[in-house]
Amino acid sequence: MMSPIDPRKLRNAFGKFATGVTIITTVESNGTPRGFTANSFTSVSLDPPLLLVCIDKSAASLPVFQEGKGFAVNILVEAQKNAAGLFASHRADKFNSVPWHSGRLGMPLIDDVLAWFECVSENHVDAGDHVILIGRITDFDYRNAQPLGYAGGGYFNLGLEQSLVDVASKGTGIIIGAVLEQDGALLLKEDDKTSKVSVPAIGRDGTQPSLPRLVKELSSGDLSVSIDFLFAVYEDLKTGVHVVYYRGMASGPALAGTRFFSFDEIPWDRLIDDPTHSMLERYVREFKYGNFAIYMGDDIEGKVHALDTKTAGSDT
Ligand SMILES: Cc1cc2nc3c(=O)[nH]c(=O)nc-3n(C[C@H](O)[C@H](O)[C@H](O)COP(=O)(O)O)c2cc1C
């Protein structure tokens, strides 16, 4: 017998597919704009010009999309990460803090996106816990810029790769660190003497750092570490040192001198410096809004919980 599909594991497997990020918009019959962040956008056909996006049946805006005459797809640039977070929330005032205008069809178009498509509704297909919205494109445009990317439950940024090349070419001091997460907790280093807390990194002592060396050092106990993406590149203005942070996953017990802190336990007042503070704040914020767990969110968690309860029930 085939083993049952674990929805959590399936969600993680789906999340391995790297995508861009879009905001799908429409209008209510009274003219109120509505929209949500989506990475399920797919181009479908050139002739006729068709595209699709999948909307969760639990989305508050579902009825508006089902009843409306059309919708628009706005493909985001990397500077629009905050808009992606905002439109992934249930806030009623999503359109108050992003500049937008109406397209010829009357659909809300977000300003300065990478590409946009205005569509009339061609078809809705019922598909499990989602509805597939198929749109026929009536108008579109695009420009050249860096797209915002999404994979493994977090945003990535191709422009950062360029910053890394710039840092490497300057040949100044470099620190390489990794923000590592295990079950919603971050691996941080605590200094015995000063009790200051930092993100695991190498190069602070002036030695030549490298990512493989950092991974090797961190994996020397029973902890296994995998690096996903570049997360931040900046120059520490106080020291002139360039700091490069990756983000990744850890699994296993923390090494001596390090500890996993859940997001609520992060000792913000003991962090080693302001840049580390801002970087971790950004990590926590993006995790909350951008995490795929939150996307499939309540629905999947609810189902998993229901399955667990059922299993527990059948045991007794
Ligand atoms: C990167 C990312 C991709 C998402 N992709 C989708 C998607 O394809 N379909 C969907 O229904 N929700 C998706 N979501 C979740 C919705 O944006 C979120 O549930 C939103 O609150 C729905 O808005 P509404 O409840 O106001 O309709 C995604 C969220 C993020 C952060």
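As a reminder, the structure under discussion sits directly above these lines.
First things first, this report covers the structure right here in the doc. Just so it is clear, the structure is predicted and the values come from calculations on it, not from any experiment. (Residues numbered from 1 in each chain as written. Predicted model: local features only at pLDDT ≥ 70, side-chain atom pairs only at ≥ 80, totals over all residues. Heavy atoms only, no water.)

## Side note on the site of the ligand
Inclusion rule: Near, as used in this document, describes a residue that has one of its heavy atoms within 4 Å of the molecule or strand being considered. Nitrogen and oxygen atoms within 3.5 Å of one another constitute a polar contact, given that in protein one can donate a hydrogen and the other can accept it, and given that sequence-neighbouring residues count only through two side-chain atoms. Only the protein chains shown count as cover for residues, and the accessible areas themselves come from Shrake-Rupley with a 1.4 Å probe.
Residues in contact with the ligand amount to 21 residues; listed here are only the nearest, Thr37, Ser40, Cys54, Asp56 and Ser61. Between an oxygen atom of the ligand and a side-chain N or O atom of Ser61, the distance comes to 2.5 Å. Here an oxygen atom of the ligand and a side-chain polar atom of His90 are 2.9 Å apart. In isolation the ligand has 640 Å² of accessible area, and contact with the protein removes 96% of it.

## Some points on the packing of aromatic side chains
Counted only if it meets this: Paired rings are identified among Phe, Tyr and Trp, the last through its six-membered ring, by centres lying within 6.5 Å, and are further divided according to the angle between planes into stacked (under 30 degrees), edge-to-face (over 60) and tilted (the rest). Helix and strand definitions follow DSSP, with helices as H or I runs of at least four residues and strands as E runs of at least two, each counted in order from the N terminus. Note on exposure labels: buried denotes an accessible area under 20% of the residue type's maximum, exposed denotes more than 50%, and partly exposed covers the range between, all computed with a 1.4 Å probe on protein chains only. By the criterion adopted, a ring carries a charge over it if an Arg CZ or a Lys NZ lies within 6 Å of its centre and within 35 degrees of its normal.
Inspection of every chain in the model, using the stated rule, returns 10 aromatic pairs. The interplanar angle of 15 degrees and the centroid separation of 6.0 Å between the aromatic rings of Phe117 and Phe140 together place this pair among those described as stacked. Of this pair, Phe117 sits in strand E9 (residues 115-127) while Phe140 sits in strand E10 (residues 130-142), placing them 23 residues apart in sequence. Both rings, one in Phe231 and one in Tyr283, keep their centres 5.4 Å apart while their planes meet at 65 degrees; by these two values the pair is edge-to-face. Note that Phe231 is positioned in strand E17 (residues 224-235) and Tyr283 in helix H6 (residues 274-290), a separation of 52 residues in sequence. By relative accessible area, Phe231 is classed as buried at 2%. Chaining the aromatic ring pairs together yields one cluster made of Phe41, Phe117 and Phe140. The ring of Phe231 is capped by Arg282, whose NZ or CZ atom sits 3.9 Å from the centre of that ring.

## Regarding the pairing of strand E6 (residues 70-75)
Quick reminder of the rule: Only strands joined by at least two bridges in the DSSP assignment are considered to pair.
Most of E6 is tucked away, with 6 of its 6 residues classed as buried. By the alternation rule, side chains of E6 split into Gly70, Ala72 and Asn74 and Phe71, Val73 and Ile75, which are all buried. Note: strand E2 (residues 22-27) against E6, 4 bridges, orientation antiparallel. Paired with Ile23 across the strands is Asn74, a residue of E6.

## Let's talk about the pattern of salt bridges
We apply this condition: A pair is scored as a salt bridge if a Lys or Arg side-chain nitrogen falls within 4 Å of a carboxyl oxygen belonging to Asp or Glu.
Under the definition given, this model contains 9 salt bridges. The salt bridge involving Asp126 is made with Lys57; its shortest N-O contact spans 3.0 Å. Here Lys57 lies in the loop between strand E5 (50-56) and helix H2 (62-67) and Asp126 lies in strand E9, a separation of 69 residues in the sequence. Assessed through its relative accessible area of 36%, Lys57 is described here as partly exposed. The salt bridge partner of Glu122 is Arg136, with a shortest N-O separation of 3.0 Å. Of this pair, Glu122 sits in strand E9 while Arg136 sits in strand E10, placing them 14 residues apart in sequence.

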